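Spelled out, the chains give:
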Amino acid sequence: MALVAGIDSSTQSCKVVVRDADTGELVRQGRAGHPDGTEVHPDHWWTALQKAVAEAGGLDDVAAISVGGQQHGMVCLDADGEVVRPALLWNDTRSAGAAVELINSAGNGDPIAGARYWAGATGTVPVASLTVTKLRWLAENEPDNAAKVAAVCLPHDWLTWRLAGYGPGSGTEGLAALATDRSDASGTGYYSTAEGRYLPDVLGSALGHVPALPKVLGPLEPAGRTTAGALLGAGAGDNAAAALGAGAELGDVVMSLGTSGTVFAVSDTAPADASGLVAGFADAAGHYLPLVCTLNATRVFDATAALLGVDLAEFNRLALSAEPGAGGLTLVPYFDGERTPNLPDATGSLHGITRANYTPGNLARAAVEGVVCSLADGLAALLDQGVAARRILLVGGGAQSGAVQDVAARLLGTRVTVPRPGEYVADGAARQAAAALTGHFPAWAADAVDLPGKTDDAGVLARYRRLASAYA
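Residues numbered from 1 in each chain as written. Predicted model: local features only at pLDDT ≥ 70, side-chain atom pairs only at ≥ 80, totals over all residues. Heavy atoms only, no water.

A closer look at unusual backbone geometry
Point 1. Going from Thr 340 to Pro 341, the amide bond is cis rather than trans, its omega being 5°.
Point 2. Of note, Ala 326 is a non-glycine position whose phi angle comes to about 50°, a positive value.
Point 3. One can find Ala 326 in the loop between helix H12 (312-321) and strand E20 (330-332).
Point 4. By relative accessible area, which is 0% here, Ala 326 ends up buried. (Helix = DSSP H or I, 4+ residues; strand = E, 2+ residues; numbered from the N terminus. Buried < 20%, exposed > 50% of the residue type's maximum accessible area, 1.4 Å probe, protein only.)

Section: the side chain of Arg 85
Point 1. Mapped onto the secondary structure, Arg 85 falls in the loop between strand E6 (75-77) and strand E7 (87-88).
Point 2. Classification of Arg 85 as buried rests on a relative accessible area of 8%.
Point 3. Discounting chain neighbours no more than four positions away, the residues touching Arg 85 are Glu 39, Met 74, Arg 94, Trp 137, Leu 138, Glu 142 and Asn 145. (Contact = heavy atoms within 4.5 Å.)

Topic: helix H11 (residues 298-308)
Point 1. All of the buried residues in H11 are Thr 298, Val 300, Phe 301, Thr 304 and Ala 305. Each buried residue of H11 lies within a common arc of 145° when the element is viewed along its axis, so the set occupies one face. Turned more than 90 degrees from where H11 packs its buried face, Ala 306 and Leu 307 sit exposed.
Point 2. Where H11 is buried, its residues touch strand E16 (252-257), H12, E20, helix H13 (360-384) and helix H14 (402-411). (Arc of directions from axis to C-beta.)

Notes on the nonpolar core
As a rule of thumb, nonpolar side chains are buried together in soluble globular proteins.
Point 1. In terms of nonpolar packing, the biggest core is built from 52 residues, with Val 253, Met 255, Leu 257, Val 368, Leu 382, Leu 394 and Leu 412 touching the most fellow members.
Point 2. In terms of residue count, the dominant contributor to this core is H13 (12 residues).
Point 3. The contacts of Leu 257, once residues within four sequence positions are left out, are Thr 298, Phe 301, Val 371, Leu 375, Leu 394, Val 395, Gly 396, Gly 397, Gly 398, Ala 399 and Val 404.
Point 4. Formed by 34 residues, the second largest nonpolar core is a distinct cluster that contains Trp 158, Trp 161, Leu 175 and Leu 232. (Core = buried A, V, L, I, M, F, W, Y, C linked by side-chain atoms within 4.5 Å.)

Some details on empty space enclosed by the protein
Point 1. A complete count under the given rule lists four cavities of 30 Å³ or more for this structure.
Point 2. Counted as a void, the largest cavity has a volume near 60 Å³.
Point 3. Looking at the largest cavity, the residues that line it are Thr 124, Val 125, Val 127, Gly 276, Leu 277, Val 278, Ala 279, Leu 291, Val 292, Cys 293 and Arg 339.
Point 4. Counted by class, the lining of the largest cavity contains eight nonpolar, two polar and one charged residues. (1 Å grid on protein atoms, 1.4 Å probe; cavity = no way out; pocket = protein on both sides within 12 Å on 5 of 7 lines; lining within 4 Å. Points joined across faces, edges and corners; volume = space filled by probe spheres on them. Nonpolar A, V, L, I, M, F, W, Y, C, P; charged D, E, K, R; others polar.)

A few points about the packing of aromatic side chains
Point 1. For the structure shown, the criterion picks out seven aromatic pairs.
Point 2. Considering the side-chain rings of Phe 301 and Phe 315, the 5.6 Å spacing of their centres and the 35° angle between planes classify their relative orientation as tilted. Here Phe 315 lies in helix H12 and Phe 301 lies in helix H11, a separation of 14 residues in the sequence. Just as Phe 301 is buried, Phe 315 falls in that class too.
Point 3. An aromatic cluster of at least three residues, connected via ring pairs, comprises Tyr 190, Tyr 191 and Tyr 198.
Point 4. The ring of Tyr 288 is capped by Arg 182, whose NZ or CZ atom sits 5.4 Å from the centre of that ring. (Phe/Tyr/Trp six-rings, centres within 6.5 Å; stacked < 30°, edge-to-face > 60°. Lys NZ or Arg CZ within 6 Å of the ring centre and 35° of its normal.)

As structure tokens, then:
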């Protein structure tokens, strides 16, 4: 029985799963936390990985390993392989101004023309999360550090590199060994998703020079071996790894309800959305992964449960006790602003309050309906880009809520499937490791539940869209 390991190095923690390469059966697992903040030295990721590996019983008996990681994080290395400065993570917004500058510059002062350029060139219009905007910020605000940058990589690239035995002091040989995959490269802002190549002119205009970049590997191409001899898979960005872990195939849309929300599809065409709503990423299996991100998902449930003075289990029960439509209450859940639609300064709002409908159950139901409606708008943005949606895979912590499942079945208008709860990113990385080992992606058994089809008889989505449109 060959064993493979999948690693999920996320913003909050590092998780390791060890699975049977043939069947996907979970053998053991481990976890360790990451420090808070939007600026983190990569050494913390390495320390957490060692702790998670130890908790998982070590990796000495593992034949192949792959790393899924948080996307976009800027890891800058000098000529010796030393980290130049702490990494700026995807959720660090100090480069928002740099994103505007890059768009305007590409359009010669016309932001609409600039957005069209970026959508066509890279598949994604710059926002603060993208690596290219962080490099622009670095050049403008820390020019001495920018001048030291000999190579730029991403969190999963750096961890794979360290697992291969490289690190500080590796020098030119070490920098030449850096590797990444299409999915993570496509989130940098200096890679053409459609053409499958880096755009050195774009990178040079942001940073001021063109540093070394990781080699972009194919889905089955190994990145080398660990110091113990295990094969290293190419790795992947977290969303692409999650798609592998959830068993998403062409025509599937993954809707993830975590702290924030994401909606992404496995597609055979590379999108180019000049509105900026859809990011044109690649996936980890040779296809594309157009993606929409929302800022408000389960945090809305947390806030509403706290207001009602109940835990999440009781919040779920209350939401299920109310009739569809929440008696006319509609929550537009822009508690932290919103990214889809692009309304960073927006606030949430509750509509249709009467003395009759202002009950705990209706308020809980309205919170769930508002979040699912927001994600339904993300799905609509994907469909506008020509994405096919034969089924929705509902994942993330919020997907286990019976109320969320009921509302999703009513509002999304297509087949909804809930895969078994799991560490989708780490599981997807493990599946990629098995593919690197055997030459093909294994068809691990998928334990999932199809939700019974329902209809939006209460007109919830139409009412939500009418009220949310006032924000435009």
